[in-house]
Each structure stands twice: as C-alpha cells, then as structure tokens.
Amino acid sequence: MLQAHHHQAIARGDLDGLHQELCKLKNPASRGVLPGYNAFDALLTLGKYFLEFGYCSDAELCFKEAAALRANDVRPLLNLANVYTQWGDHAKARGIYEALIQHGSTHAVVRRGLILCNEYDSTASVEMRGNAVSEWTDWTRQLTGEPSIPRPPLRPSLQTIGYLSADFCQHTVGLLFRGVLAHHDLDRFTIVCYYSGSVYDWVTSEIQARVVFRDVSKLSTLELAAQIRADAIDVLVDLSGHTSGSRVEVMALRPAPIQLSWLGYFSSVGLSSLDAVL
C-alpha cells in the first residue's frame, strides 16, 4: 500500500509530510486510480498507519468507512476501539466491545479489551468490572469443556521456567524482564520464552540470545498449550494479563503445574488456574 517515498518520509521522521501523502490516498478520487486497489484493505491499512503515527481523527474516519463496507468484519471495529482507547474515551471503547459480544463474537481480543477498558474507565462500576471478569472465566471454561483441568504432576526439582508475553521488545515489560533475566541461573534452569508479539528489536535479540525463544503468535490456544507441555515447563509465568497481544487464556488449559501472573498486569485475570500473582 505504501510507496517508496512514504517509507522515506517515515525514515526521515517527516510525519507531517507522511500525513499529507496518506490523506491523498484517503481521498476516494486518488484511491480509485491505484492498481489493484481494494477499498476495504486500503482503508484498514491507512487507518493503522494513521493510528500508529498519532493521527487518531484520520484513523477513526478510515475505520468507520471500512466498517461500513464490511459490516460482518470485526477488524475495523476493534481498531476503532483502539482509537478511542488512545483518546482516553474508554466508555466508547467499551460500547464497541459490548456490542461485539452481544452479536456473538467469541474472540479473546474482544473479551480482554472489555476487561481492560473497564479497569481504566473511572465510570465503570465494580459490578461491571466483576461481570466482565466472570464472563471471561466462563469463556475460558469453554476452551476446555470442563469446569477445571487437573494440575499436571510436579517434578521433584524445578528445571524449566516458561515466560509468556507479547512484549519481549523495547517495551516497559521487555526492558524490566531483560534485567531480571540477567539474574537467572542458566546453568541450573532452562528458560523458555513464548513470544506472542510482532515487534523484533534489540531487546528481543538480547533475550533470544539467553533463552529458548519460541514465536507463538500464529499458534492456536490448543497448539500453544501443547507446545508448553512438550517443553515440560515446571513454572509458567504470564507477563501480559489482559493487555494487547496477550495469550493468558492458555492457562485455562493447565499446561504447567505451577502458573503465575507477574509484571505486566495490575488486576485479576479471572482464572482459577492461576496459582499466584507476584
């Protein structure tokens, strides 16, 4: 979608120039002459670029227009919720998540988004927050088909520690984890990092050099649980909670005998299969 001169503007840090170019593409008269033009995909892509560079009003218009083109596609609506979250309008974001759930959406991102925006919204009541977490708990039980899954047997000595996060990069969580990882006894323990994010940078490289590193962003929840079991993880630590890119729902499948929450989230995730919060 973006041309070479757009990427050059990004490299120069010329965001105003990039904004002007993207606005030209947003214009229907300009878009119509692009070879292989697809209105929905173009609007979705443009909206994401606008949002990434802080042009929220333009992003909002792109996502609304994309939503009008495909009423049954949740992606424009999820991105609209991201726009309102970035604006600090958590009540408006919550309205989108609630509408998607009412229309039958079972996507984990929708339910996590509802829980997270409730935590940031001062107008959300304790009852609203509790109901969202309870519904999340019920949803995770559907993953297993059982009220609970037995805890796997614990080996006599801990050997393998797993960390699950979408933020093994230059992010607050990644930077803090990098420092903690430096104090792990790698002669005594095997450390496995399960990465569900998409950003690879110098922090990612530094972590990769010290651990067994698995990109799990494309795995289903069942596939991720199977991988964790195959790695014989003794202690599994989730670092994301209900924040963006999280895969915390895998803990409902009890892939490890000890399961903990730490660092990246400040409230309950609503899973009885979590043994403790650090």
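See the structure shown above.
Since the model is a prediction, treat every value here as computed from it, not as a measurement. (Residues numbered from 1 in each chain as written. Predicted model: local features only at pLDDT ≥ 70, side-chain atom pairs only at ≥ 80, totals over all residues. Heavy atoms only, no water.)

(A) Representation of the pairing of strand 2 (residues 190-195). Burial of strand 2 is extensive: five of the six residues sit out of reach of the surface. Sheet analysis places strand 1 (residues 160-165) next to strand 2, joined by six bridges and oriented parallel. Counterpart to Thr 160 in the pairing with strand 2 is Thr 190. Note that the unit made of strand 1, helix 10 (residues 172-181) and strand 2 has a crossover that is right-handed. (Buried < 20%, exposed > 50% of the residue type's maximum accessible area, 1.4 Å probe, protein only. Helix = DSSP H or I, 4+ residues; strand = E, 2+ residues; numbered from the N terminus. Pairing = 2+ DSSP bridges. Right-handed = clockwise from strand over helix to strand, strands pointing away.)

(B) Fine view of the pattern of salt bridges. This structure, assessed with the given rule, holds 13 salt bridges. In this structure, Asp 234 and Arg 155 form a salt bridge, with 2.7 Å as the shortest nitrogen-oxygen distance. Linking Asp 234 in the loop between helix 12 (221-230) and strand 4 (235-238) with Arg 155 in the loop between helix 9 (126-144) and strand 1, this pair joins segments that are 79 residues apart in sequence. Assessed through its relative accessible area of 3%, Asp 234 is described here as buried. Here Arg 155 falls in the partly exposed class, since its relative accessible area comes to 29%. (Salt bridge = Lys/Arg side-chain N within 4 Å of Asp/Glu carboxyl O.)

(C) Molecular detail of the packing of aromatic side chains. Under the defined criterion, the tally for this structure stands at 12 aromatic pairs. Each ring, one from Tyr 120 and one from Phe 266, has its centre 5.6 Å from the other, and the planes form 75 degrees; the classification is edge-to-face. Residue Tyr 120 is found in helix 8 (residues 108-120), and its partner Phe 266 is found in the loop between strand 5 (258-261) and strand 6 (276-277); the two are separated by 146 residues along the sequence. Seen from their ring centres, Tyr 200 and Phe 213 are 6.4 Å apart, and the 70 degrees between their planes marks the pair as edge-to-face. With Tyr 200 in the loop between strand 2 and helix 11 (202-208) and Phe 213 in strand 3 (residues 212-215), this pair connects stretches of sequence that are 13 residues apart. Note on Tyr 200: relative accessible area 42%, which makes it partly exposed. Given the relative accessible area of 18%, Phe 213 is considered buried. Joined through ring pairs, the aromatic side chains of Tyr 163, Phe 168, Phe 177, Tyr 195, Tyr 200 and Phe 213 make up one cluster. Taking the ring centre of Phe 40 as reference, the NZ or CZ of Arg 70 above it sits at 4.0 Å. (Phe/Tyr/Trp six-rings, centres within 6.5 Å; stacked < 30°, edge-to-face > 60°. Lys NZ or Arg CZ within 6 Å of the ring centre and 35° of its normal.)

(D) Highlighting the pairing of strand 1. In terms of burial, strand 1 is a largely internal element, six of the six residues being buried. Where burial is concerned, the two faces of strand 1 agree: the one with Thr 160, Gly 162 and Leu 164 and the one with Ile 161, Tyr 163 and Ser 165 are both buried. As judged from the four bridges shared by strand 1 and strand 4, these two strands associate in the parallel manner. The partner of Ile 161 across the bridge, within strand 4, is Val 235.

(E) Summary view of the sheet that holds strand 4. Read across the open sheet, the six strands follow the order 3-2-1-4-5-6; overall the sheet is parallel. Whereas interior strands pair on both sides, the edge strands pair on one side only; in this sheet they are strand 3 and strand 6. As defined by bridge partners, strand 2 adjoins strand 3 across four bridges and the pair is classed as parallel. Following the sheet pairing, Val 192 is matched in strand 3 by Val 212. Contacts from helix 12 reach strand 1, strand 2, strand 3 and strand 4, with the element oriented near 170 degrees to strand 2. (Contact = heavy atoms within 4.5 Å. Axes fitted to C-alpha atoms, helices over the stretch in contact; angles between N-to-C directions.)

(F) Up close: the nonpolar core. Counting 52 residues, the largest nonpolar core has Tyr 97, Tyr 194 and Leu 271 as its most contacted members. For this core, the secondary structure elements donating two or more residues are helix 4 (39-52), helix 5 (56-69), helix 6 (75-87), helix 7 (90-102), helix 8, helix 9, strand 2 and helix 12. By size, the runner-up hydrophobic cluster in this structure holds 20 residues, among which are Leu 181, Val 203, Ile 207 and Trp 262. (Core = buried A, V, L, I, M, F, W, Y, C linked by side-chain atoms within 4.5 Å.)

(G) Seen up close, the packing of helix 6 against helix 7. Remark: helix 6 packs on helix 7, axes separated minimally by 7 Å, with the N-to-C direction vectors making an angle of 160 degrees. When the axis of helix 6 is compared with that of helix 7, the two are roughly antiparallel. Considering the relative orientation of helix 6 and helix 7, their crossing is left-handed. Together, Leu 77, Leu 78, Leu 80, Ala 81, Asn 82, Tyr 84 and Thr 85 of helix 6 and His 90, Lys 92, Ala 93, Ile 96, Tyr 97 and Leu 100 of helix 7 make up the contact between the two elements. Its residues assigned to classes, the contact of helix 6 with helix 7 shows nine nonpolar, three polar and one charged. (Parallel < 35°, antiparallel > 145°, perpendicular 65-115°, else oblique. Left-handed = near helix turned anticlockwise from the far one by under 90°. Nonpolar A, V, L, I, M, F, W, Y, C, P; charged D, E, K, R; others polar.)

(H) Representation of unusual backbone geometry in the model. Unusually for a residue other than glycine, Arg 254 sits at a positive phi of about 50 degrees. With respect to the secondary-structure elements, Arg 254 resides in the loop between strand 4 and strand 5. Of the residues examined, Arg 254 reaches a relative accessible area of 6% and is grouped as buried. We note that Leu 263 has phi near 80 degrees; this positive angle belongs to a residue other than glycine.

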